[in-house]
4 protein chains.
Amino acid sequence: MSLNSFGHLFRVTTWGESHGPALGATVDGCPPGVPIEAEALQHWLDRRKPGQNKYTTQRREPDAVEILSGVFEGQSTGTPIQLMIRNTDQRSKDYGDIAQTFRPGHADITYWQKYGIRDYRGGGRSSARETAARVAAGGVARAALDAMVPGLKITGYMVQMGPYGVDRTQLEMAEIERNPFWTPDAGAAAQWAEYLDELRKSGESVGAVIEVTASGLPAGLGAPVYGKLDTDLAAAMMSINAVKGVEIGDGMASAALTGSANADEITMGPNGPDYSSNHAGGILGGISTGQDVVVRFAVKPTSSILTPRASITKSGAPIEVVTKGRHDPCVGIRAVPVGEAMMACVLLDHLLLHRGQVGEGLRGKIG
Amino acid sequence: MSLNSFGHLFRVTTWGESHGPALGATVDGCPPGVPIEAEALQHWLDRRKPGQNKYTTQRREPDAVEILSGVFEGQSTGTPIQLMIRNTDQRSKDYGDIAQTFRPGHADITYWQKYGIRDYRGGGRSSARETAARVAAGGVARAALDAMVPGLKITGYMVQMGPYGVDRTQLEMAEIERNPFWTPDAGAAAQWAEYLDELRKSGESVGAVIEVTASGLPAGLGAPVYGKLDTDLAAAMMSINAVKGVEIGDGMASAALTGSANADEITMGPNGPDYSSNHAGGILGGISTGQDVVVRFAVKPTSSILTPRASITKSGAPIEVVTKGRHDPCVGIRAVPVGEAMMACVLLDHLLLHRGQVGEGLRGKIG
Amino acid sequence: MSLNSFGHLFRVTTWGESHGPALGATVDGCPPGVPIEAEALQHWLDRRKPGQNKYTTQRREPDAVEILSGVFEGQSTGTPIQLMIRNTDQRSKDYGDIAQTFRPGHADITYWQKYGIRDYRGGGRSSARETAARVAAGGVARAALDAMVPGLKITGYMVQMGPYGVDRTQLEMAEIERNPFWTPDAGAAAQWAEYLDELRKSGESVGAVIEVTASGLPAGLGAPVYGKLDTDLAAAMMSINAVKGVEIGDGMASAALTGSANADEITMGPNGPDYSSNHAGGILGGISTGQDVVVRFAVKPTSSILTPRASITKSGAPIEVVTKGRHDPCVGIRAVPVGEAMMACVLLDHLLLHRGQVGEGLRGKIG
Amino acid sequence: MSLNSFGHLFRVTTWGESHGPALGATVDGCPPGVPIEAEALQHWLDRRKPGQNKYTTQRREPDAVEILSGVFEGQSTGTPIQLMIRNTDQRSKDYGDIAQTFRPGHADITYWQKYGIRDYRGGGRSSARETAARVAAGGVARAALDAMVPGLKITGYMVQMGPYGVDRTQLEMAEIERNPFWTPDAGAAAQWAEYLDELRKSGESVGAVIEVTASGLPAGLGAPVYGKLDTDLAAAMMSINAVKGVEIGDGMASAALTGSANADEITMGPNGPDYSSNHAGGILGGISTGQDVVVRFAVKPTSSILTPRASITKSGAPIEVVTKGRHDPCVGIRAVPVGEAMMACVLLDHLLLHRGQVGEGLRGKIG
């Protein structure tokens, strides 16, 4: 019951602080025989890497992942896979102020209150840098999923930045790779670029909503009550830094629907049941239907901003806090590959759980 | 790693089907010496009980809880507490149709596909009746919390029904106990009564949003990354039947905020840090701040409605489904005590976890 | 992480006290579609039932098991199976002495010290009655194993009582069902009968060694380090009341062997590898070889005896303790079906774990 | 539910193979504020290090531990502590034979059968080298125990080598540090030196029995049924490579005792209950009594020996196996610090568990 772990059979424990020697993920339960190369994992890490454009922090970290165990001659052995990322950009600088002060909206104060000690350098364990380890672990999960469920596709993208949402009639998935915001709405990308430029210059930050979908997933993943697929997805996404809300399918908007509007009608298709709509986000009773699994989460704005905010010091004295330095005006951007990684980890875990309890494939036939 | 369990140190496993002999909760990890009486647990169950007014299902179940173990002479012994609720309203009726048909928007089809067998009577394991066991377990958690954190108060209430939200300027907490919707907005209650009457008559249903707050909680509960208080709250709420979205503090609306608007400013109060606002919902970096913990979740409308919906049978033939019988037009109403119960379970669990790793109280002093 | 649970995917939580209303087992993770009838479970419980002959306690409990959930139309549904056994022999008697006194060698004192409260009636949670719940859960595991591994056979028997061991050259498995000690050595059975008669008359008790074997188990079950098959077997057996030692294969005697004597030689048989001997007890590196799995455990003598022993009361005053009433002179006898049940639970759990991570069957072929 | 993890609140996951780039332990749940230095951990690792005398393998590994996370300015922060040990002695040699052959008594064959892939270099994950990671984690546990339970002392030592046991009347604890076998019996040390010399020269190996005691432990650690202190100790010791038997207190010999001989009598001492003897090994009903906790485990002889043994290759062909190279004639020697480390991990875990559920100290007073 490690508090820094997630997953049941495919179990990931992340470790490390932002400015310590290294951080990483201990990945246990990967099926044997999965092709795993550091280069393939690096591909995913590079998508999350800071400093790639003017909209993300200028901190430069190669985020190079090393595989220390569990892989032999390019394949997983079934034993724990240790993924390590060295922290290279550890400038020796004066952290005096940060050490004695609590930034409003930041975990500084709660870590201090709880533990009585914290690695204040760069946020320590509460830094968004922790998510690099998740992305590396997600790369392992993706490799296993590729082997087990050919055709499964996980796609993350931004659907809202600050007050500006995408136009759902204008989404083109190929667009995602063409703009710095990973959004399928080219119009929104243009609008956000302008908006974010201004925010960045004024030292402000802003929130965002990310959507992650999985298509090609078989029906039958998940289990009742606390092994629900949506329970685990909710936990996975909410555990990402700065996330404050999670939705499955229609999410919070479900509240406004009537029963007849909400119930996705079923027909018999050539390959099994077909659905007229997907309000449920691909999950009924906690178990996947075979439709696209759709998850959304809201990322709050970075609390590290240039605008002065009132706070206190460790001794309780009032102070005005201004956070200088290299920070993301919209951390939500870099949360896109993180959300994808968490989706991959949860899906693989549930595939293994299903296979463990029920066996390969589905037990109940239709038609 | 039971898929029907939740919690780490305070661990609840629910069991049972809607129309089997009984259902209940196995509660492990309760501290010893907590006063626990069946009557006190019954108090919470009665709030969730169906048939109390015209807005909830007319199924009549006394939902009487029996304590089978773990309590001796009115106190918890520290060993597992078994809470059992007999199912009394098991009419012998013809379930033939339900057994062969999948209701749109219901777990019928996924349970069948996954397991190849399901107790179709009343929804079996996927029935909202399962939440009675959670409410009973939540009663145990409340008793332990009362002993450990005097002054802690958990309050659940409805803030939206269908398209109609409460007026946040008009909330009066005493109002919650005065209307059948557990809402603190008397005006909304009147509006919803009319709205729901019409829906009920037309055989329709509708969704809702529930908010649950905890005041008087100490700072320091929660832990990094996957032991985050908000991670566990998100999982707890998402595991409730029909829930499709979970929010902490400002939730999805955080996306629209700027960093300066979002960062709750800190001052030094007489009893420790004070905050100018609570966008964070009482949780920073996964750890409680001492402010009110604020969680919201959306409940989708019941899929059991009179409006005919297209579906298929087990043999894949098309069929129109109409669900007659006694159903809640707005299941969200009865989700209020369930949300409170889950909050109680999660908070007690994190109190025990904190005490286990860190000891009594906070380690970091301020001022 | 319930402290009253065991197993990973097939997870059993036992609950209940000796003289409370009931006790039982919450069994989660059973594969769906397994034929389960109360009568079949009762078969195993009856083997453990007290009062069957003069060598076991004369307490008369029918130990009738009720299935409250998770089974529908005679088959497991994949959801939690609740097994309940009512306590019927709850004589209202004066427990005054026991409540204030600690029996030497008994858990009275540690439960009191830890929790500050204990259900002293009949030993409460520490009573050997708890093992009835394990036997019921083991019946579920056996049913699942029967379906998954035809030909698997689990056999428990006594190999030592007090100072008298069996003659390994004289074992005949059919003999096990013919004597009250479940021993395959008819000569030992005769000797023990005489020995135990005398002990019983003098109000004494004695320890025993039980061996449990599983034949027909496939190779490949278990996993490195802490998922070792022998790790879980050791924990399972040591968790049984009064057990003080556990051995796999040659066990403690391995210490006296040389490497050449200990290494079971391998040849190629018609159905895969064959072994010249089985010092390893069917497990290498924590993973099953396909040979018989062999586990032994020692059960200490009951501390409830007529011989007076020095002890103290709750107030710290010296007292002489004599435990009258109905007690087993050799609790080891009734531990035989319990050991079998634990073996069944562990093996099923590891079958599911293997299938979850690796898939059906073995991945590495030989020959 | 990582299969390479142990512990509940203090949770250790080991990772790494014998000849991969590194191995280590991810340690989660350590209380904050514990003084931890790499030098202190190194002290324990050095005791287990090979090549220190002629009785252990001549493989030379510095086994230098690096702390990668979770420690800040010399103190634990409460977040995961990553301990890494680089493998430096990775000679590039021809492993061709080992890759295709299964050593009798070794995990080669089961790893292959299960996973279809194995890192055969030096035994890969099944190598005793894995225990270095446990010793490092045990060092963290010791540091936390020192802070929480001053006066607690954990002592491991050898009590049997091959057929030769210690003379219990001749034990002197100071002797442990004076001989290469960590035994408190100087006479036995002399006898074993001669015996092992001969075995080593003939390319043979032999088993051993290790005893580990903990004195100064408070009463009240442990919990019923599957959270028993002895259950976790049994699992911890059995999970060590080559261990085949575990005993608590009198262990297997309990079987030969009568109830009156076995029941440790209780008197009232100046600091609480006193016991006339310790057959129970300091644990009653799974909960510590405050007496010395006494655990023993048997280590089988290394299967890597010069004596030829019959085996098969991957293709099923017969082959004679002789294992040349640097191997321990008695691996039991180096299991002493490993057993101590496991004891430390289990005790700390149970201290935290007790504090979590019950609070600081004992709830039930005596006298």
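All figures in this text were calculated on a predicted structure; none of them were measured in a lab.

Peer 1: How should I be thinking about the interface of chain B and chain C in this particular structure?
Peer 2: One frequent convention defines the size of an interface as the accessible area lost when the parts assemble. Listed as interface residues are 43 residues of chain B and, on the opposing side, 43 residues of chain C. Taken over both partners, the interface formed by chain B and chain C buries close to 3,200 Å², and the fraction arising from carbon and sulfur atoms is 62%. For the interface between chain B and chain C, the tally reads zero salt bridges. The set of elements that each furnish at least two residues to the side of chain B that touches chain C consists of β2 (11-16), β3 (22-28), β4 (65-67), β6 (75-76), β7 (81-86) and α3 (108-115) of chain B. In terms of residues, the side of chain B that touches chain C owes the most to one element, β2(B), which gives five residues. Looking at side-chain class alone, the side of chain B that touches chain C contains 16 nonpolar, 17 polar and 10 charged residues.

Peer 1: It is not clear to me how the environment of Val294(B) should be interpreted in this structure. Could you clarify?
Peer 2: All names here are of chain B. Structurally, Val 294 can be placed in strand β16 (residues 293-299). Each C-alpha atom of the pair Val 294 and Ile 283 lies 8.8 Å from the other, and the pair is 11 residues apart in sequence. Setting aside residues up to four positions removed in sequence, Val 294 forms contacts with Glu 211, Val 212, Thr 213, Glu 247, Ile 248, Gly 249, Asn 278 and Gly 281.

Peer 1: Would you mind going over the packing of aromatic side chains with me for this structure?
Peer 2: The geometry of two aromatic rings is summed up by the distance between their centres and the angle between their planes. Applying the stated criterion across every chain yields a total of 20 aromatic pairs over all chains. On the numbers, 5.8 Å between centres and 65° between planes, the contact of Tyr111(B) with Tyr115(B) is edge-to-face. Pair noted here: Tyr111(B) and Tyr115(B) are both in helix α3, with a separation of four residues, about one helical turn. Here Tyr111(B) matches Tyr115(B) in class, with each residue buried. Seen in terms of ring centroids, Tyr120(B) and Phe72(C) are 5.2 Å apart; in terms of plane orientation they differ by 90°. Their pairing is edge-to-face. Separated into two different chains, Tyr120(B) in the loop between α3 and α4 (130-148) and Phe72(C) in strand β5 (residues 71-72) make up a pair that spans both. A relative accessible area of 6% places Phe72(C) in the buried class. The ring centre of Tyr115(C) lies 5.7 Å from the NZ or CZ of Lys114(C), which sits over that ring.

Peer 1: Which parts of the structure should I look at to understand the relation of the copies chain B and chain C?
Peer 2: Each copy of the chain is related to the other by a rotation around an axis and a translation along that axis. Between the two copies, chain B and chain C, the superposition gives an RMSD of 0.0 Å; the rotation angle is 180° and the shift along the axis is 0.0 Å. Such a combination of turn and shift is consistent with a two-fold rotation axis. Most of the interface of chain B is mirrored in chain C, where 100% of its interface residues again form contacts.

Peer 1: Please explain the sheet that holds strand β4 (residues 65-67) of chain C as it appears in this structure.
Peer 2: Hydrogen bonds between backbone atoms are what pair the strands of a sheet, whose relative direction is either parallel or antiparallel. Residues and elements named next belong to chain C. Spatially, five strands are ordered β1-β2-β3-β7-β4 in an open sheet, and the strand pairing comes out antiparallel. Bordering the open sheet on either side are β1 (5-6) and β4, each of which pairs with just one other strand. Helix α4 (residues 130-148) rests against β2 (11-16), β3 (22-28), β4 and β7 (81-86) of the sheet, and its axis sits at about 35° to β3.

Peer 1: Hey, could you run me through the interface of chain C and chain D in this one?
Peer 2: On the chain D side, the residues contacting the 113 residues of chain C number 112 residues. Counting the surface chain C buries against chain D, the share from its top three residues, Lys114(C), Tyr226(C) and Lys244(C), is 10%. Our count for the contact surface shared by chain C and chain D stands at two salt bridges. Salt-bridge contacts for Arg309(C) lead to Glu265(D); the nearest nitrogen and oxygen are separated by 3.8 Å. The residue makeup of the side of chain C that touches chain D, split by class, is 55 nonpolar, 41 polar and 17 charged. Taken together, the three bridges between strand β11 (residues 243-248) of chain C and strand β11 (residues 243-248) of chain D define a ladder with antiparallel strand orientation. In the sheet register, Glu247(C) faces β11(D), and the bridge partner there is Gly245(D).

Peer 1: For this particular structure, what's the right way to read the pattern of salt bridges?
Peer 2: When their charged atoms lie close together, side chains carrying opposite charge are able to pair. All names here are of chain A. The tally for this structure, following the rule as stated, stands at 64 salt bridges over all chains. Residue Asp 197 pairs with Arg 200 through a salt bridge whose shortest N-O separation is 2.9 Å. Here Asp 197 and its partner Arg 200 are both found in helix α5 (residues 186-201), three residues apart, which amounts to about one turn of the helix. The class for Arg 200 is partly exposed, based on a relative accessible area of 31%. Among the charged side chains, a salt-bridge network with shared partners connects Arg 168, Glu 211, Glu 247 and Arg 296.

Peer 1: Quick question: what am I supposed to make of the state of the cysteines here?
Peer 2: One way to say it: the disulfide is the covalent bond shared by the sulfur atoms of two cysteines. Counted according to the given criterion, the structure contains zero disulfides over all chains. Cysteine Cys345(C) is unpaired, with the sulfur of Cys30(C) as its nearest cysteine sulfur at 10 Å.

Peer 1: What is the right way to read the pairing of strand β8 (residues 153-161) of chain D from this model?
Peer 2: The side chains of a regular strand alternate between the sheet's two faces. Residues and elements named next belong to chain D. With respect to burial, β8 is a largely interior element, seven of its nine residues being buried. Inspection of the sheet shows β8 paired to strand β10 (residues 208-215) by eight bridges, in the antiparallel sense. Residue pairing in the sheet places Ile 154 in a bridge with Ala 214 of β10. Strand direction decides the pairing type here: β8 and strand β9 (residues 164-165), joined by two bridges, are antiparallel. Within β9, the position partnered with Gln 160 by the bridge is Gly 165. Connecting β8 to the antiparallel partner β9 that follows it, the hairpin turn spans two residues, and Gly 162 within it adopts a positive phi of roughly 55°.

Calculation notes
- Residues numbered from 1 in each chain as written.
- Chains lettered and ligands numbered in written order.
- Predicted model: local features only at pLDDT ≥ 70, side-chain atom pairs only at ≥ 80, totals over all residues.
- Heavy atoms only, no water.
- Contact = heavy atoms within 4.5 Å.
- Buried area = accessible area lost by both parts, 1.4 Å probe.
- Salt bridge = Lys/Arg side-chain N within 4 Å of Asp/Glu carboxyl O.
- Helix = DSSP H or I, 4+ residues; strand = E, 2+ residues; numbered from the N terminus.
- Nonpolar A, V, L, I, M, F, W, Y, C, P; charged D, E, K, R; others polar.
- Phe/Tyr/Trp six-rings, centres within 6.5 Å; stacked < 30°, edge-to-face > 60°.
- Buried < 20%, exposed > 50% of the residue type's maximum accessible area, 1.4 Å probe, protein only.
- Lys NZ or Arg CZ within 6 Å of the ring centre and 35° of its normal.
- Least-squares fit on C-alpha atoms with pLDDT ≥ 70 in both.
- Pairing = 2+ DSSP bridges.
- Axes fitted to C-alpha atoms, helices over the stretch in contact; angles between N-to-C directions.
- Disulfide = S-S within 2.5 Å.

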